[in-house]
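As a plain string of letters, each chain reads:
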Amino acid sequence: MPIECLVMPQRKSQQQRSTACADLFSSNYSIWGDKARQKVKMTSARLRAQCLSHPENTVLVTCHLQVDPLESERPKLCGHAFASMWDYGENKIGWVTQLVVDEAVRQRYVATQLLQTLKVHAPFSRINIVGLVSSHPAACNALAKYADVDLDFIRVHAKGILQSSPISYLNDAQLKGVLFEDNCDNGSISSVFTKFYVDHTEPLKVLAHYKNKGQWCLGELADGHEFLAIFPITPVSPISPIRLHNSK
């Protein structure tokens with residue numbers, strides 16, 4: 001599947017692409033965990049507010065699937081990843097604010113391709129710490145594939161990194177799990193309480209698969225919570241070694 005990588009930008013392009021990405025999200029992200037079982041919806045305006053509030057520091061990677069030209073003149077959008085960048089002391093944070101893959105092409109390494117492409121894209125190539133918050137284990141595992149997984153790193157630096165973020169919903173995130181709480185007894189290791197009550201049926205199946213293969217370290221997923229993944233990485237372009245202050 002061809003991968004297109006672009007830096008956000010021109011306002012007209014933002015509006016067009018945000019509409020397509022909002023549609024992909026609304027059709028494929030998840031369903032609410034209540035009795036109504038309705039799909040979680042996203043408008044283009046809300047997507048721009050959440051993922052494009054700082055367009056000069058935002059990267060969008062998209063994946064398109066070639067289709068029969070008799071059915072459509074354009075390839076079909078089947079995956080996207082938005083990421084924001086900011087400074088944390090002497091370090092460069094790259095935060096995946098949204099990662100969505102069409103249900104029809106899941107388990108075909110689309111998320112992995114999106115994040116690998118993101119890693120080598122020019123504005124992102126100097127990043128040396130990556131992170132995301134997600135209720136889906138596949139997103140966390142895809143991120144971990146090009147990072148150094150270190151739970152102590154998350155424990156020490158999560159609070160400072162989130163508080164330094166220009167993304168408002170991260171600033172006051174409630175850190176949960178044994179990395180942050182002395183009396184946590186629900187099996188959570190690294191998560192945040194986002195009050196995002198989506199259905200966990202599919203994520204829990206994927207989680208069980210990873211745990212059976214010994215490929216999981218972030219613990220259990222509680223209702224209304226999302227996993228917190230923050231990993232140091234080796235940047236593509238050389239920058240100074242990571243020198244981090246302890247969060248208090």
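First, a word on what this report is: a plain description of the structure on this page. Computed from a predicted model, the values in this text were never measured in an experiment.

Below, the discussion takes up helix H7 (residues 201-212). With 12 residues, H7 should cover 16 Å at 1.5 Å per step; its first-to-last C-alpha distance of 17 Å lies within 8% of that length. Where H7 is concerned, the buried positions are Pro203, Val206, Leu207 and Tyr210. Here the buried residues of H7 occupy an arc of 105° about the axis, which is enough to place them on one side. Opposite its buried face, H7 presents the exposed residues Lys205 and Asn212, each directed more than 90 degrees away. Those residues of H7 hidden inside the fold are in contact with helix H4 (137-144) and strand E8 (225-232).

For Ser165, the location among the structural elements is in the loop between helix H5 (151-163) and helix H6 (168-171). Sequence-distant contacts of Ser165, that is, excluding residues within four places in its chain, are made with Trp86, Leu170 and Asn171.

Right, let's talk about the pairing of strand E4 (residues 91-101) for a bit. Where burial is concerned, most of E4 is hidden: 10 out of the 11 residues are buried. When strand E3 (residues 76-88) meets E4, the two strands line up antiparallel, connected through 10 bridges. Across the sheet, the residue bridging to Ala83 is Val96, located in E4. As paired elements, E4 and strand E5 (residues 129-134) share 4 bridges and run parallel to each other. Of the residues in E5, the one forming a bridge with Gly94 is Val130. Following the chain from E4 across helix H3 (residues 110-120) to the adjacent parallel E5, one finds a crossover that is right-handed.

Our next topic: the packing of H3 against H4. Where H3 meets H4, the closest approach of the two axes is 9 Å, and the angle between their N-to-C directions is 40°. Considering their axes alone, H3 and H4 lie oblique with respect to each other. The handedness of the crossing between H3 and H4 is right-handed. Packed against H3, whose contacting residues are Ala111, Thr112 and Leu115, the element H4 presents Ala139, Ala142 and Leu143 at the interface. Partitioned by chemical class, the residues of the contact of H3 with H4 number 5 nonpolar, 1 polar and no charged.

Glancing now at the side chain of Glu226. Tracing the backbone through its elements, the reader meets Glu226 in strand E8. Buried charge without a salt bridge: Glu226, with Arg46 as the nearest opposite-charge side chain at an N-O distance of 9.5 Å. Only 2.9 Å separates the side chain of Glu226 from the side chain of Thr194, close enough to count as a polar contact. Other than its neighbours up to four places away in sequence, Glu226 contacts Tyr29, Val133, Ser134, Ser135, Ser191, Val192, Thr194, Phe196 and Leu221.

Within the secondary structure, Ile93 sits in strand E4. Ile93 sits in the buried class, given a relative accessible area of 0%. Those residues in contact with Ile93 that lie beyond four places of it in its chain are Ser84, Met85, Trp86, Tyr88, Ile127, Ile129 and Ile161.

Within the structure shown, the criterion is met by 6 salt bridges. A salt bridge links Lys76 to Asp102; the nearest nitrogen and oxygen atoms lie 3.3 Å apart. In this pair, Lys76 is assigned in strand E3 and Asp102 in the loop between E4 and H3, connecting sequence segments 26 residues apart. Across the pair Arg155 and Asp152 runs a salt bridge whose closest N-O atoms are separated by 2.7 Å.

Taken as a whole and judged by the stated rule, the model has 6 aromatic pairs. Seen in terms of ring centroids, Phe25 and Tyr29 are 4.4 Å apart; in terms of plane orientation they differ by 10°. Their pairing is stacked. When the centroid spacing of 4.9 Å and the interplanar angle of 70° are considered together, the rings of Trp216 and Phe227 count as edge-to-face. Taken together, the residues span a long stretch of sequence, with Trp216 in the loop between H7 and E8 and Phe227 in strand E8 at a distance of 11 residues.

Conventions adopted
Residues numbered from 1 in each chain as written. Predicted model: local features only at pLDDT ≥ 70, side-chain atom pairs only at ≥ 80, totals over all residues. Heavy atoms only, no water. Helix = DSSP H or I, 4+ residues; strand = E, 2+ residues; numbered from the N terminus. Expected span 1.5 Å × (residues − 1). Buried < 20%, exposed > 50% of the residue type's maximum accessible area, 1.4 Å probe, protein only. Arc of directions from axis to C-beta. Contact = heavy atoms within 4.5 Å. Pairing = 2+ DSSP bridges. Right-handed = clockwise from strand over helix to strand, strands pointing away. Axes fitted to C-alpha atoms, helices over the stretch in contact; angles between N-to-C directions. Parallel < 35°, antiparallel > 145°, perpendicular 65-115°, else oblique. Left-handed = near helix turned anticlockwise from the far one by under 90°. Nonpolar A, V, L, I, M, F, W, Y, C, P; charged D, E, K, R; others polar. Lys, Arg positive; Asp, Glu negative; His and termini not counted. Salt bridge = Lys/Arg side-chain N within 4 Å of Asp/Glu carboxyl O. Polar contact = N/O pair within 3.5 Å; in protein donor to acceptor, adjacent residues only side chain to side chain. Phe/Tyr/Trp six-rings, centres within 6.5 Å; stacked < 30°, edge-to-face > 60°.

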